[in-house]
Amino acid sequence: MQCDTRTAATRDAHVLRGFGKENRMPGLICLCIGLSIKPSRTPMKNLTTNTIALAITLALSASAMAEGMSKGDFNAGKDKISAEYKTAKAHCNSLSGNANDVCMAEAKGKEKVAKADLEAAYKPTQKSRYEARVAKAEADYGVAKEKCDDLAGNPKDVCVKEAKAAETAAKADAKAQMKTAEANATANEKTADARGDASKKTSDARKDASADKSDAEYAVAKEKCDTYSGSAKDSCLDKAKVTYQK
């Protein structure tokens, strides 16, 4: 955008005549008028005028983006999620046995994830984005665990452990992403020492995530060994310990 360089009186009169038109942007017009920029034959002054106008336009655009979702849109989103859950629940009621349990887990999981995503869109922070990822991990686990009920014995136990391992991995990744983002944000605002500290925190977060995943995978491997007995089971457990360095 470029500000009008007519005299203040002429410019103000023109603005007042067209102020009611829908294609006007009153906020930007008023800001340009407020600068009281006068025409000049000096190129450098014209360049300064254009630069100021551009800076104002960009600042207002950034401000509008930062506002994000409106309260009205947020409430409408909540109503939509609630309606979709009720519809899904009604469908689940037509099922029986474990099929009903799986259906309800899916319906509740989708509702939980949708609410967390909506909150993250309404209040976009590292914490809200982390909570949305956690909600997804927990919802997936809830569904997977219910599906395991179709099995029995050791296959069911392994199924549950694998579902839990997947949830643990997803949560570990979500936590590492949040810590990394927070550390990077801090590093961008502070000194070289702070950047070094942020790098260490990022590395530590990744190590913690890797350790959590390894523990969960080891639990799955041990559960699978229960299909054996005697020396075969001992051998399976030993192999698992070596693989996961336990």
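Below or above, wherever it landed, is the structure these notes cover. This is a predicted model, so every value here is computed, not measured.

1. Looking at the nonpolar core
By size, the foremost hydrophobic cluster in this structure holds 5 residues: Y85, C92, C103, M104 and A107. The leading source of residues in this core is helix α5 (residues 97-122), at 3 residues. Excluding residues that lie within four positions of it along the chain, A107 makes contacts with Y85, A88 and C92.

2. A look at unusual backbone geometry
A positive phi is found at Q245, a non-glycine position, where the angle reads about 55°. Looking at the secondary structure, you find Q245 in the segment after α9 (230-243). Residue Q245 is classed as exposed on the basis of its relative accessible area, which comes to 72%.

3. Overview of the state of the cysteines
Note on terminology: a disulfide is the covalent bond linking the sulfur atoms of two cysteines. Within the structure shown, the criterion is met by 3 disulfides. Each sulfur in the disulfide pair C92 and C103 lies 2.0 Å from the other. One disulfide, between C92 and C103, carries an S-S torsion of -80° and so falls in the left-handed class. Residue C92 is located in helix α4 (residues 71-92), and its partner C103 is located in helix α5; the two are separated by 11 residues in the primary sequence.

4. Concerning the pattern of salt bridges
Under the criterion given, the structure shown has 12 salt bridges. Measuring nitrogen to oxygen at the nearest pair gives 4.0 Å for the salt bridge that ties E119 to K123. D226 is the salt-bridge partner of K233, the closest N and O atoms lying 3.1 Å from each other. Residue classification places D226 among the partly exposed residues on the basis of a relative accessible area of 37%. Taken together, the shared-partner salt bridges in this structure form one network comprising K112, E138, K164, E167 and K171.

5. Some words on the packing of aromatic side chains
Applying the stated criterion to the full structure yields 2 aromatic pairs. Each ring, one from F74 and one from Y122, has its centre 4.2 Å from the other, and the planes form 15°; the classification is stacked. With F74 in helix α4 and Y122 in helix α5, this residue pair connects regions lying 48 residues apart in the sequence. The same class applies to F74 and to Y122, which are both buried. Judged by centre distance (6.1 Å) and plane angle (55°), the ring pair of Y218 and Y244 falls under tilted. On the criterion of sequence distance, the pair formed by Y218 in helix α8 (residues 192-225) and Y244 in the segment after α9 is long-range, its members being 26 residues apart. Take Y218: its relative accessible area is 12%, and that puts it in the buried class. Above the face of the Y141 ring, K164 is positioned so that its terminal group lies 4.9 Å from the ring centre.

6. Remarks on α4
With 22 residues, α4 should reach 32 Å at 1.5 Å per residue; the first-to-last C-alpha distance of 32 Å fits that figure. Taken together, the buried positions of α4 are occupied by F74, G77, I81, Y85 and C92. Projected onto a plane normal to the axis of α4, the buried residues spread over an arc of 75° and lie on a single side. Across from the buried face of α4, at angles greater than 90 degrees, the exposed residues are D79, K80, K86, T87 and A90. Elements in contact with the buried residues of α4: α5.

7. Description of the packing of α5 against helix α6 (residues 126-148)
It is at 9 Å that the axes of α5 and α6 come closest, and there the two elements cross at 175°. Comparing the axis directions of α5 and α6 gives the class roughly antiparallel. In this structure, α5 contributes N98, D101, V102, A105, E106, G109, K112, V113, A116, D117, E119 and A120 to the contact, and α6 contributes S128, R129, E131, A132, A135, K136, E138, A139, G142, V143, E146 and K147. Tallied by class, residues from the contact of α5 with α6 come to 9 nonpolar, 4 polar and 11 charged.

The rules behind these values
Residues numbered from 1 in each chain as written. Predicted model: local features only at pLDDT ≥ 70, side-chain atom pairs only at ≥ 80, totals over all residues. Heavy atoms only, no water. Core = buried A, V, L, I, M, F, W, Y, C linked by side-chain atoms within 4.5 Å. Buried < 20%, exposed > 50% of the residue type's maximum accessible area, 1.4 Å probe, protein only. Helix = DSSP H or I, 4+ residues; strand = E, 2+ residues; numbered from the N terminus. Contact = heavy atoms within 4.5 Å. Disulfide = S-S within 2.5 Å. Salt bridge = Lys/Arg side-chain N within 4 Å of Asp/Glu carboxyl O. Phe/Tyr/Trp six-rings, centres within 6.5 Å; stacked < 30°, edge-to-face > 60°. Lys NZ or Arg CZ within 6 Å of the ring centre and 35° of its normal. Expected span 1.5 Å × (residues − 1). Arc of directions from axis to C-beta. Axes fitted to C-alpha atoms, helices over the stretch in contact; angles between N-to-C directions. Parallel < 35°, antiparallel > 145°, perpendicular 65-115°, else oblique. Nonpolar A, V, L, I, M, F, W, Y, C, P; charged D, E, K, R; others polar.

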